[in-house]
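Given next are the chains, with one letter for each unit.
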Amino acid sequence: MGDEGHFGDYRAQTLAKHTILTKYLKPFYTIVNKSSSRNLVYIDGFAGRGSYNNPDGSTSDGSPLHALMTIAEMGDIAEKVSTVFIEKDPALFEQLKERVLAFHAKNPNIRRPQFANAGFSDVMAKVLARTDQLAPAFVFIDPCGVDGVDFSVVEGILQHPKAEVFLFFNIDGVRRVLGLDPTQRSVLARLLGGTERVTELAREVKSLRSAADRELAIINHYESLLRTHTNGKYVVSFRIEAENRRSVSHYLIHACQHPMGFSIMKDVMWTVGETDEGQGSLRLDQASITGVIPLFTPEKNAIDDEVTSHLQHGAKSVRFFLKELPMDPTNRLCRAAYREAILRLEERGKVVVQADGGTPKPAHERQKRKGKPTLGEAFFVRLK
Ligand SMILES: C[S@@+](CC[C@H](N)C(=O)[O-])C[C@H]1O[C@@H](n2cnc3c(N)ncnc32)[C@H](O)[C@@H]1O
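These numbers come from a predicted model, not from an experiment.

### A short note on the pairing of strand E1 (residues 40–44)
Among the 5 residues that make up E1, 5 are buried, leaving the element largely enclosed by the rest of the structure. In this structure, E1 lies alongside strand E4 (residues 81–86), joined through 5 bridges in parallel fashion. Within the sheet, the bridge partner assigned to Val41 lies in E4 and is Ser82.

As structure tokens, this is what we get:
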């Protein structure tokens, strides 16, 4: 059965998910279009009904319409993207089809969307079985719960070099099922790809005292399965806090084979993330946001410390911070985080920006973009 209740309110966390999705799709298709082929693919594996009815009577678009709007705006690329919408619930499926086809009628520059009224894993297993080389594909996997996402399918998608997944990971659900009797954990065996992996995780989680440690163990376990058992070595997770309590609700996980996609996705997530320290994070806090200007900014201080630690032995190029570090698969920081930190440190007089050859290039001598001094990649940064 589907989840009609999910579509009764368009929440901030849903907006955040859709914003990440649409902000990433444009660079993804632009990049893969350069090197590939006539055919690009978008798959919405848990498509829903295409819209949300808000309590105030207004409606908001669901992920299928957000993705289609983004694709329709992409000029020549729009006509290369095949879109596939999978929804298991028959009633939601009919509503989805009607909305998506109405959009297509008004936007004939996009390809005619395809539909499947079936389970995501079943559909994808069949697609993967008959496809040697999947065209560059972005696969959005957005279940409400923990059911329906087979690890073997995620692994199969990520075998294709230009296929990427963006996945809703219901950590609360995983924790709940782990607490159940082992005979009721089969749903997790599919999600993690085997009963031994579930047993191993259950053992680890049981030994941990705090909810924060248990959360970390679960997300690290899944990330590590992706890195070790699929070709998606580049994995980044975005944490969404619950709306009414200071604990995790779920994670949004992106996995791909390419450092560029990884780096861009981190930037996209970063701009959507918000904590009490302000905009810019791989977290969207909700319950714990006070809106008060914070006295302490530990997350930002840690990034500043990381930047200065790289400068202990001399100047480093801006390129090192904005290109090399963000593409390192073990690094959770992104270009935007490093850029903000360098500008913050420069403003506080801790670092100096200089041209190649050592001539200082202070902020007031550089061009401004969106009110901030630019940081050319050919420039260098050194401790003052
Ligand atoms: C969170 S909602 C999707 C929301 C949608 N992606 C959006 O952002 O607008 C999850 C949807 O997946 C459907 N669903 C549940 N299990 C499924 C499965 N195994 N395969 C495909 N769809 C499924 C539910 O009926 C529900 O409509």
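### Some details on a positive patch on the surface
A surface patch of like charges, here positive, comprises Lys23, Arg339, Arg369 and Lys370. By the secondary structure assignment, Arg369 is in strand E15 (residues 368–369).

### Observations regarding the environment of Leu167
Its location among the elements puts Leu167 in strand E7 (residues 163–169). Not counting chain neighbours up to four residues away, the residues in contact with Leu167 comprise Ile141, Val149, Tyr222, Tyr251, Leu252 and Ile253.

### Observations concerning the domain arrangement of the protein chain
Segmenting the protein chain into domains produces domain 1 (4–284) and domain 2 (298–383). For domain 1 versus domain 2, the separation of C-alpha centres amounts to 32 Å. In this complex, domain 1 contributes 19 residues to the contact, which on the side of domain 2 involves 16 residues. Roughly 1400 Å² of surface becomes buried between domain 1 and domain 2 when both sides are summed, with 49% attributable to carbon and sulfur atoms. Per-residue buried area on domain 1 facing domain 2 is highest for Lys266, Trp270 and Glu277; these three make up 42% of the total on that side. Between domain 1 and domain 2 we count 2 salt bridges in total. Residue Arg335 is joined to Asp267 by a salt bridge in which the shortest nitrogen-to-oxygen separation is 3.8 Å. Summed over the shared surface of domain 1 and domain 2, the result is 9 residue pairs in polar contact (both at pLDDT 80 or more). Counting residues per element, the ones that place at least two in the side of domain 1 that touches domain 2 are strand E8 (234–241), helix H10 (259–272) and strand E11 (278–279). In terms of residue count, H10 provides more of the side of domain 1 that touches domain 2 than any other element does, 7 residues in total. In terms of residue class, the side of domain 1 that touches domain 2 is made up of 6 nonpolar, 7 polar and 6 charged.

### Here we look at the sheet that holds strand E14 (residues 351–354)
One open sheet holds the 3 strands; their spatial order is E13-E17-E14, and the pairing between them is antiparallel. Of all the strands in the sheet, just strand E13 (316–317) and E14 have a single pairing partner and so form its edges. Pairing between E13 and strand E17 (residues 380–383): 2 bridges, direction antiparallel. Within E17, the position partnered with Lys316 by the bridge is Val381. Against the sheet, helix H13 (residues 335–347) makes contact with E14 and E17, and its axis sits at roughly 110° relative to E14, the strand it touches most.

### Examining helix H5 (residues 151–158)
The buried count for H5 comes to 6 of 8 residues, which makes it a mostly enclosed element. Here H5 has its buried residues at Phe151, Val153, Val154, Gly156, Ile157 and Leu158.

### Re the side chain of Thr230
By the element assignment, Thr230 lies in the loop between helix H9 (211–229) and E8. Separated by 2.9 Å, the side chain of Thr230 and the backbone nitrogen of Gly232 make a polar contact. Residue contacts for Thr230: discarding those within four places in its chain leaves Phe151, Glu155, Leu158 and Leu225.

### Considering the pattern of salt bridges
Should their charged atoms come close, side chains of opposite charge can pair. All told, the structure shown has 18 salt bridges when counted by the stated rule. With its nearest N and O atoms 2.7 Å apart, the salt bridge here joins Arg190 to Asp147. Of this pair, Arg190 sits in helix H7 (residues 186–192) while Asp147 sits in the loop between strand E6 (137–141) and H5; the two residues are 43 residues apart in sequence, bridging distant segments of the chain. For Asp147, a relative accessible area of 45% translates into the label partly exposed. The network of salt bridges with common partners includes Asp267, Arg319, Lys323, Arg335 and Glu377.

Rules of the game
- Chains are numbered independently. Their residues run from 1 in the order of the written sequence.
- Per-residue local features of the predicted model are confined to residues with pLDDT of at least 70, and side-chain atom pairs are confined, for both listing and counting, to 80 or more; whole-chain, interface and lining totals are unaffected and use all residues.
- As a rule here, side-chain values come from all non-hydrogen atoms in the structure, and water together with hydrogens is ignored.
- Exposed residues in this analysis have more than 50% of their type's maximum accessible area, buried residues have under 20%, and partly exposed residues fall in between, with area computed by a 1.4 Å probe over protein chains only.
- Secondary structure elements follow DSSP: runs of H or I of four or more residues count as helices, runs of E of two or more count as strands, with numbering from the N terminus.
- By the convention used here, strands pair only if DSSP detects at least 2 bridges between them.
- Put simply, a patch holds well-exposed residues, over 30% relative accessible area, that have no salt bridge, with like charges counted together within 9 Å and Val, Leu, Ile, Met, Phe, Trp or Tyr side chains within 5 Å.
- Accessible areas in this description were obtained via Shrake-Rupley with a 1.4 Å probe; residue shielding takes into account the shown protein chains only.
- Salt bridges are identified by distance alone: a Lys or Arg side-chain nitrogen within 4 Å of an Asp or Glu carboxyl oxygen.
- Just so you know, the count uses Lys and Arg for positive and Asp and Glu for negative, and it drops His and the chain ends.
- Every charge is mapped onto a representative atom, which is NZ of Lys, CZ of Arg, CG of Asp or CD of Glu.
- Throughout, a residue-residue contact means that at least one pair of heavy atoms, one from each residue, lies within 4.5 Å.
- Per the annotation, domain bounds derive from an automatic or database assignment of domains.
- Buried area: the sum, over both parts, of the accessible surface (1.4 Å probe) that disappears when the two are put together.
- Any pair of nitrogen or oxygen atoms within 3.5 Å is treated as a polar contact; in protein, a donor-acceptor pairing is required on top of that, and neighbouring residues in sequence qualify only through side-chain atoms on both sides.
- Residues were grouped as follows: Ala, Val, Leu, Ile, Met, Phe, Trp, Tyr, Cys and Pro as nonpolar; Asp, Glu, Lys and Arg as charged; and all remaining residues, including Gly, as polar.
- Inter-axis angles, ranging from 0 to 180 degrees, are taken between N-to-C directions of lines fitted to C-alpha atoms, where helices are fitted over the stretch in contact.

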